[in-house]
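Remarks on the overall topology
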Amino acid sequence: MGKARADSGRWIHHWNPEDREFWKREGSRVARRNLVLSVATEHLGFSVWSLWSVLVLFMSPATGFTFAAGEKFLLVVVPTLAGAALRLPYRYAVTRFGGRDWTVFATASLLLPIALAVWVIQRPDAPLWVFLLAGATAGLGGGNFASSMTNISGIFPRRHQGRALGLNAGGGNLGVAVVQLLGLLVAATAGLGHPQYLAAGYLPLAALLAVLAARRMDNFTAVRARPGALREALGSRHTWWMSLLYVGTFGSFIGYGFAFGLVLQYEFGAGALEAVSYTFLGPLLGSLFRPLGGWLADRWGGARVTLVDLAAMAAGTGVLLLASARHSFDLFVAAFCVLFVLSGIGNGSAYTMIPAVFAQDAEKAVTRGEDATRAFARARELSGAVIGVTGAIGTLGGVAVNLAFRACYDGPGGTGDAAFTAFLGYYAVCAVVTWAVYLRGAPDGGPGTGSSARRPEVSHV
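Going by what an unreviewed UniProt entry lists, the protein chain is known as NarK/NasA family nitrate transporter and is assigned to Streptomyces botrytidirepellens. Reading the Sequence similarities (unreviewed entry) entry of the UniProt record for the protein chain gives the comment "Belongs to the major facilitator superfamily. Nitrate/nitrite porter (TC 2.A.1.8) family."

What follows is the structure, encoded as structure tokens:
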């Protein structure tokens, strides 16, 4: 540790990843080491964030729990809401405390929600508010995404940021699928009466990753946005249009990921083990297909890909309504898995639109005579601030998804048809907005394509 950290002290205050010689000589090695640990800690954060989406499947009268459907959906709403609220402060915290120090703190803090889950899941007679409090602390894992992405964006040169951030985001999103797969393993081996084993398994992992982050990561301080950048971003129409779209893409991914198992239970009467057997499929597919969305956006245009994706999500939701009407379990699961794939692609394509939109605005400013360096610096600041706001608001889409399901299934014989109809309508509105705001009159596929999407001046944070 001593030599590595001493060496890092030589250059950490003079870090310049854009210097190709420095990058080739030692920068790439250091950046990759930090990226590996960033992916691991973010993966843990997503796993803890979605822990209660698995634990609620174990909570049945057979295991001593008497919570109604609405109360169970509330248990997956609370972590989603807490995670959304933490995204903006986590994003700015890493710029103040540094990448290593904040990662160590954020990872060690996950010991609290894990320990609370282990304790409370063994007490079926505890009141609902105790479970809700434990679930709210799991939102700490949801904030990790924002700080992790901000940290990695400052370590890698702009020419490599797309790939690095894609790996960071994809590896983190996989935590949703992995915790559900581990839930299946616990249910199949230890039985449905021991959900505490699932949570307890994350205790040593969180401690280990906190120690590794302290020893092997470097305390880079991400570039702080100028005062007023967030206020300016909140006044930009792009912030609110892109938030609308991200609610439809990422909000669907996280909302469906948390609710999938419960929906199978209450829509088809699936048993706990059967529901757990399917829950990991959707989040796994959505995580794996997210990088494809970015690649398609680079090739065909972010707005164009997002439009097609949202239209396909509306069609897929229509298939869900058909499957529900026919009470076809197989068609329902297949359609839901397609929706997860589409939500992953949409996450990637919509993400590329934000920096490209502001790059195009910067190009227009330059043609009007503004200094190019100043124009593109402002574009980077605004796109970073807008992504922070959009990420937080997009996560609230997951809250809306689960509240909609809660309203549908909170009563005997409920179905999700009303929720699916609302989702279909929302995707249709998003598709219209994408076409009207970002595609109409744009001959090149809209933001997220061509030179604007790949300019070296534009950060993909």
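**Things to note about the overall build of the protein chain**
Along the protein chain, the regular secondary structure elements total 20 helices and zero strands. In terms of overall dimensions, the protein chain is globule-like: its C-alpha atoms have a radius of gyration of 22 Å, near the 23 Å expected for 461 residues. Seen through its principal axes, the protein chain has C-alpha atoms that stretch 65 × 60 × 35 Å. Here the protein chain, with 461 residues, has 57% of them falling under the buried criterion. When contacts within the protein chain are restricted to residue pairs at least 6 apart in sequence, those whose partners lie at least 24 apart make up 84%. Accessible surface computed for the protein chain: about 17,800 Å², of which carbon and sulfur atoms make up 64%. Distance from the positive charge centre (37 side chains) to the negative charge centre (25 side chains) of the protein chain: 7 Å.

**Let's talk about the nonpolar core**
Counting residues in each nonpolar core, the largest one holds 123 residues, and the members touching the most others are W52, M59, F131, Y256, F332, F336 and F405. For this core, the leading source of residues is helix α17 (residues 329-367), giving 18 residues. There are two domains that each give this core at least three residues, and those are domain 1 (11-222) and domain 2 (230-439).

**Focus on the domain arrangement of the protein chain**
Partitioning the protein chain into structural domains gives domain 1 (11-222) and domain 2 (230-439). Using C-alpha coordinates to define each centre, domain 1 is positioned 21 Å away from domain 2. Facing 37 residues of domain 1, the contacting portion of domain 2 comprises 42 residues. Inspection of the region where domain 1 meets domain 2 yields four residue pairs in polar contact (both at pLDDT 80 or more). Secondary structure elements with two or more residues in the side of domain 1 that touches domain 2: α2 (20-49), α3 (51-58), α4 (69-97), α8 (140-155) and α9 (158-189). Split into classes, the residues belonging to the side of domain 1 that touches domain 2 amount to 25 nonpolar, eight polar and four charged.

**Let's talk about the confidence of the model for the protein chain**
In the predicted model, the protein chain carries a mean pLDDT of 87, and 90% of its residues have values of at least 70. Across the protein chain, helix α6 (residues 111-120) holds the top mean pLDDT of 98, while helix α20 (residues 450-454) sits lowest at 42. Across residues 450-461, confidence stays below pLDDT 50; counting only partners more than four residues off in sequence or on other chains, it has 38 contacts.

**Section: a nonpolar patch on the surface**
A grouping of V178, L182 and L185 is seen on the molecular surface, where their side chains present a nonpolar patch of about 220 Å² in accessible area. With respect to the element layout, V178 can be found in helix α9.

**Section: helix α18 (residues 372-409)**
Counted at 1.5 Å a residue, the expected span for α18 with its 38 residues is 56 Å, and the 55 Å between its end C-alpha atoms agrees. Between the side-chain oxygen at the start of α18 and the backbone nitrogen of R374 there is a gap of 2.9 Å, and the oxygen is on D371.

**Focus: the packing of helix α13 (residues 237-268) against α17**
At a minimum axis distance of 9 Å, the contact between α13 and α17 shows a crossing angle of 165 degrees. On the basis of the axis angle, α13 is roughly antiparallel to α17. The interaxial crossing formed by α13 with α17 has left-handed handedness. Its residues assigned to classes, the contact of α13 with α17 comprises 22 nonpolar, seven polar and two charged.

**Some remarks on the packing of aromatic side chains**
Scanning the entire structure with this criterion turns up 34 aromatic pairs. Between Y278 and F329 the ring centres are 5.2 Å apart and the planes differ by 75 degrees, which places this aromatic pair in the edge-to-face class. Taken together, the residues span a long stretch of sequence, with Y278 in helix α14 (residues 272-279) and F329 in helix α17 at a distance of 51 residues. Overall, F329 belongs to the buried group, its relative accessible area being 16%. The lysine or arginine in question, R96, covers the ring of F97, its NZ or CZ lying 5.8 Å from the ring centre.

**Thoughts on the side chain of R87**
Its place among the elements puts R87 in helix α4. We note that R87 is buried and unpaired, the nearest opposite charge coming from E42 at a distance of 6.7 Å. For R87, the residues in contact, after removing those within four places along its chain, are F46, W49, G142, G143, F145, A146, F250, G391, A392 and T395.

**A few points about a positive patch on the surface**
Judged by side-chain charge, R29, R32, R215 and R216 come together as a positively charged surface patch. Secondary structure elements with two or more residues in the positive patch: α2 and α11 (202-216). Turning to its location among the elements, R216 is positioned in helix α11.

**Some remarks on the pattern of salt bridges**
Taken as a whole and assessed by the stated rule, the structure comprises four salt bridges. In this structure, R33 engages D218 in a salt bridge whose closest nitrogen and oxygen atoms are separated by 2.6 Å. Taken together, the residues R33 in helix α2 and D218 in the loop between α11 and α12 (229-234) connect sequence positions 185 residues apart. Relative accessible area serves as the criterion here: at 16%, R33 is assigned to the buried category. The salt bridge partner of D101 is R100, with a shortest N-O separation of 3.1 Å. By relative accessible area, D101 is classed as partly exposed at 36%. On the basis of relative accessible area, R100 is assigned to the buried category, the value being 14%.

**Digging into unusual backbone geometry**
The phi angle at H327 is positive, at roughly 55 degrees, despite the residue not being glycine. By the element assignment, H327 lies in the loop between α16 (302-326) and α17.

Rules used throughout
Residues numbered from 1 in each chain as written. Predicted model: local features only at pLDDT ≥ 70, side-chain atom pairs only at ≥ 80, totals over all residues. Heavy atoms only, no water. UniProt positions renumbered as here; feature names shortened; annotations may be inferred. Helix = DSSP H or I, 4+ residues; strand = E, 2+ residues; numbered from the N terminus. Rg over C-alpha atoms; globule rule 2.2 N^0.38 Å. Buried < 20%, exposed > 50% of the residue type's maximum accessible area, 1.4 Å probe, protein only. Contact = heavy atoms within 4.5 Å. Areas by Shrake-Rupley, 256 points an atom, 1.4 Å probe, with all protein chains shown as cover. Lys, Arg positive; Asp, Glu negative; His and termini not counted. Charge placed at Lys NZ, Arg CZ, Asp CG, Glu CD. Core = buried A, V, L, I, M, F, W, Y, C linked by side-chain atoms within 4.5 Å. Domains from an automatic or database assignment. Polar contact = N/O pair within 3.5 Å; in protein donor to acceptor, adjacent residues only side chain to side chain. Nonpolar A, V, L, I, M, F, W, Y, C, P; charged D, E, K, R; others polar. pLDDT = per-residue confidence, 0-100. Patch = residues over 30% accessible without salt bridge, like charges linked within 9 Å, V, L, I, M, F, W, Y side chains within 5 Å. Salt bridge = Lys/Arg side-chain N within 4 Å of Asp/Glu carboxyl O. Expected span 1.5 Å × (residues − 1). Axes fitted to C-alpha atoms, helices over the stretch in contact; angles between N-to-C directions. Parallel < 35°, antiparallel > 145°, perpendicular 65-115°, else oblique. Left-handed = near helix turned anticlockwise from the far one by under 90°. Phe/Tyr/Trp six-rings, centres within 6.5 Å; stacked < 30°, edge-to-face > 60°. Lys NZ or Arg CZ within 6 Å of the ring centre and 35° of its normal.

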